[in-house]
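# Coordinates in review
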Amino acid sequence: MEKLVIEGGKPLSGAIRIHGAKNAALPILAASIMAEGTITIENVPDLSDIHVMLGILRALGCRAELVGDNVTVSTNAVHQFHIPESLMSQMRSSIFLMGPLLSRLGRVELYQPGGCAIGERKIDLHLQGLAALGAHIEENGSQIVCTANELHGAEIVLDYPSVGATENIMMAAATARGMTTITNAAREPEIQDLQNFLNAMGARIIGAGTDTITIEGVAELIPCTYRIIPDRIVAGTLMIAAAVTRGNVTLEKVCPAHLTSAIHVLKRAGVQITINGDIMNVCALSRPKSVERIVTSPYPSFPTDLQSQIMVLLSLADGVSIVKETVFEGRFKHVDELSRMGADIRVDLNSAYIRGVPRLYGATVEATDLRAGAALVIAGLAAQGSTVIEQIHHIDRGYDRIELMLASLGAGIHRTTPVPTE
Ligand code: UD1
């Protein structure tokens, strides 16, 4: 098993370019099968989740290749509507194929993605939305079969602004007959990116980024070339890493407007942030201040995907902070690991009470999920002594060679690969 080894205590400094957004690239790659021909997606990050998605596209009959940061998908031969359980279990985002396969082939067979380390993660809102568009849904144990001779527009009100459900419904509705409105839609920037991609293929969608999205179904979509937005969670992770190491880091090719709530929280913690177009400088000269209360909730509020990372900063802050997690019920797995590094955190239901300590200490810890893993990397960078992080395949799902990114900013970090035994 590979591990990350970190020698803590070195301030990060220098400039780094932010790679493309995983959470935008995954639904966009899934949506590419809705057009027949060759689609080129630029600024795609080289992540294990992206490779799983490319594997799924190939299993459906596509040719799909990542060269540099460009993906080309040739979709002429899409014929397969069954997504094997082995691929579903590797990545929850395989459910993004539901809307596109219904649109392209009128049928999709897949499996419940199931729960995961951060919560139950149901897909009832995806299924309700697709049913409202005219899909017939059968559930046999963990298998789900959706069929539709023809999808039609509908007025859909989501009980909760689910990111994935909003995206699946948008994709299915893009080629449905008539108008669809999604009320209480999720407003994340990745949804705007999906809208822009679908429109570049000829769809007629407006409203993404607001809570009402209107989709006028079109007869067919055509291939295009499209560039993915920068990854706001990778940017936020690096901002927090710069802050906890009292560093001075410049992020390039970033979209500051997507990070408003994170910037606000970091400024409250005393971090200096200056913005110039798509360049952002993050500088911290002293110990962070506590932040009375941070509540994670859907965009534009503070993102659940930065909750674990900000907790590291608050663990080192001067004073007591409270973090309330409202999106995923099981997202405090990093607390035990941070406590092993000397953090003083008490969890009560979905709130964490964090009493800042002057320093964290290196330890051997385990990444329990993607963002928890990123938090442990940040903790290791700030800690006194060395930290070993295990189960780092979780981190590779969302950060393109995190050790190279951080080493380029002066961090003492490297990956160890076990020597094979005979
Ligand atoms: C996406 C992101 C993930 C991020 C999350 C919230 C991708 C690939 N992943 O995940 O990184 O943490 O948004 O910002 O974009 N829910 C239901 N029923 C459903 C769907 C969701 O109850 O049918 C619940 C979930 O259990 C969860 C909440 O809604 O408690 C939010 O989930 P959702 O917004 O759907 O997140 P994802 O799309 O899975």
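How each quantity is defined
- Going along each chain's sequence as written, the residues are numbered from 1 onward.
- Local features in this predicted model are restricted to residues whose pLDDT is 70 or higher, and side-chain atom pairs enter the listing and the counts only when it is 80 or higher, whereas totals over whole chains, interfaces and linings include all residues.
- Calculation of side-chain values draws on the structure's entire complement of heavy atoms; hydrogens and water are dropped beforehand.
- Only one rule defines a salt bridge in this text: a Lys or Arg side-chain nitrogen within 4 Å of an Asp or Glu carboxyl oxygen.
- Strands here mean DSSP runs of E at least two residues long; helices mean DSSP runs of H or I at least four residues long; both are numbered from the N terminus.
- Note on exposure labels: buried denotes an accessible area under 20% of the residue type's maximum, exposed denotes more than 50%, and partly exposed covers the range between, all computed with a 1.4 Å probe on protein chains only.
- Patches were defined on residues exceeding 30% relative accessible area and lacking a salt bridge, with like-charge contacts within 9 Å and nonpolar side-chain contacts (Val, Leu, Ile, Met, Phe, Trp, Tyr) within 5 Å.
- In this description, accessible areas are obtained by the Shrake-Rupley approach with a 1.4 Å probe, and a residue is regarded as covered only by the protein chains that are shown.
- Charge counting follows a simple rule: Lys and Arg are positive, Asp and Glu are negative, and His as well as the terminal groups are ignored.
- In plain terms, the charge of a residue is placed at NZ if it is Lys, CZ if Arg, CG if Asp and CD if Glu.
- Any two strands are treated as partners once DSSP identifies two or more bridges connecting them.
- Note on definitions: angles span 0 to 180 degrees between N-to-C directions of axes, and those axes are lines fitted to C-alpha atoms, for helices only across the stretch in contact.
- Residue contacts follow a heavy-atom distance rule, with two residues in contact if any of their heavy atoms lie within 4.5 Å.
- Throughout, right-handed denotes a crossover for which the path from the first strand over the helix to the second runs clockwise when the strands point away from the viewer.
- The nonpolar core is taken to be a set of buried Ala, Val, Leu, Ile, Met, Phe, Trp, Tyr and Cys residues, with the residues joined through side-chain atoms within 4.5 Å.
- Segmentation of the chain into domains, including their bounds, is taken from an automatic or database domain assignment.
- By convention, the term buried area covers the 1.4 Å-probe accessible surface removed from two parts as they join, with the contributions of both added.
- The term polar contact refers here to a pair of N or O atoms within 3.5 Å; inside protein, the definition further demands a hydrogen-donor-capable atom paired with an acceptor-capable atom, and it admits residues adjacent in sequence only when both atoms are side-chain atoms.
- Residues are sorted three ways: Asp, Glu, Lys and Arg are charged, Ala, Val, Leu, Ile, Met, Phe, Trp, Tyr, Cys and Pro are nonpolar, and all the rest, Gly among them, are polar.

Per the counting criterion, the structure on display carries 17 salt bridges. Where Arg227 meets Glu42, a salt bridge forms, and the shortest distance between an N and an O atom there is 3.7 Å. Here Glu42 lies in strand E3 (residues 38-42) and Arg227 lies in strand E13 (residues 225-227), a separation of 185 residues in the sequence. For Glu42, a relative accessible area of 25% translates into the label partly exposed. Across the pair Arg331 and Asp305 runs a salt bridge, and its minimum N-O distance is 2.8 Å. Of this pair, Arg331 sits in the loop between strand E18 (320-325) and helix H11 (334-340) while Asp305 sits in the loop between strand E17 (293-296) and helix H10 (307-315), placing them 26 residues apart in sequence. As far as burial versus exposure is concerned, Arg331 and Asp305 are alike and both buried.

Let's shift gears to a negative patch on the surface. Judged by side-chain charge, Glu120, Asp124, Asp159 and Glu329 come together as a negatively charged surface patch. Structurally, Glu329 can be placed in the loop between E18 and H11. Of the residues examined, Glu329 reaches a relative accessible area of 56% and is grouped as exposed.

This part takes up the sheet that holds strand E23 (residues 412-416). Here four strands make up an open sheet; going across it, the order is E21-E22-E1-E23 and the pairing mixed. Two strands lie at the open edges of the sheet, namely strand E21 (364-366) and E23, each paired on one side alone. Strand after strand, the sheet turns through a mean of 20° between neighbouring axes, direction not considered. Alignment of strand E1 (residues 3-7) against strand E22 (residues 386-390), held across four bridges, turns out to be antiparallel. Note on E22: the bridge partner recorded for Glu7 is Ser386. Sitting on the sheet, helix H12 (residues 370-382) touches E1, E21, E22 and E23, and the angle it makes with E1 is about 30°.

The four strands are arranged E17-E18-E20-E19 in an open sheet whose pairing can be described as mixed. Across the chains shown, the open sheet's two edge strands, defined by having one partner strand only, are E17 and strand E19 (344-348). Looking at each pair of strands side by side, their axes are set apart by 15° on average, direction ignored. Where E19 lies against strand E20 (residues 351-355), five bridges are found, and the strand directions are antiparallel. Across the sheet, Asp344 pairs through a bridge with Arg355, a residue of E20.

Right, let's get into the pairing of E17. Burial along E17 is one-sided: the residues Ile294 and Thr296 are buried and none of Arg293 and Val295 is. In the sheet, E17 pairs with E18 via four bridges, with the strands oriented parallel. Bridged to Arg293 within E18 is Ile322. As for the winding sense of the linkage, the β-α-β connection from E17 through H10 to E18 is right-handed.

Leu97 and Leu198 are the most contacted members of the largest nonpolar core, which has 81 residues in total. Excluding residues that lie within four positions of it along the chain, Leu198 makes contacts with Ala31, Met34, Met170, Met171, Ala203, Ile205 and Leu221. Core analysis: the second largest hydrophobic core is formed by 72 residues, Ala269, Phe302, Leu316 and Ala363 among them.

All right, on to the domain arrangement of the chain then. Split by domain assignment, the chain resolves into domain 1 (3-16 + 288-416) and domain 2 (22-227). Facing 22 residues of domain 1, the contacting portion of domain 2 comprises 16 residues. Among the residues domain 1 hides against domain 2, the three largest losses belong to Tyr299, Phe328 and Arg397. Together they make up 39% of the total. Taken together, domain 1 and domain 2 are joined by two salt bridges. With its nearest N and O atoms 3.5 Å apart, the salt bridge here joins Asp46 to Arg401. There are four residue pairs in polar contact (both at pLDDT 80 or more) connecting domain 1 and domain 2. Listed by contribution, the elements that provide at least two residues to the side of domain 1 that touches domain 2 are H12 and helix H13 (393-396). Residues belonging to the side of domain 1 that touches domain 2 are distributed by class as follows: seven nonpolar, five polar and 10 charged.

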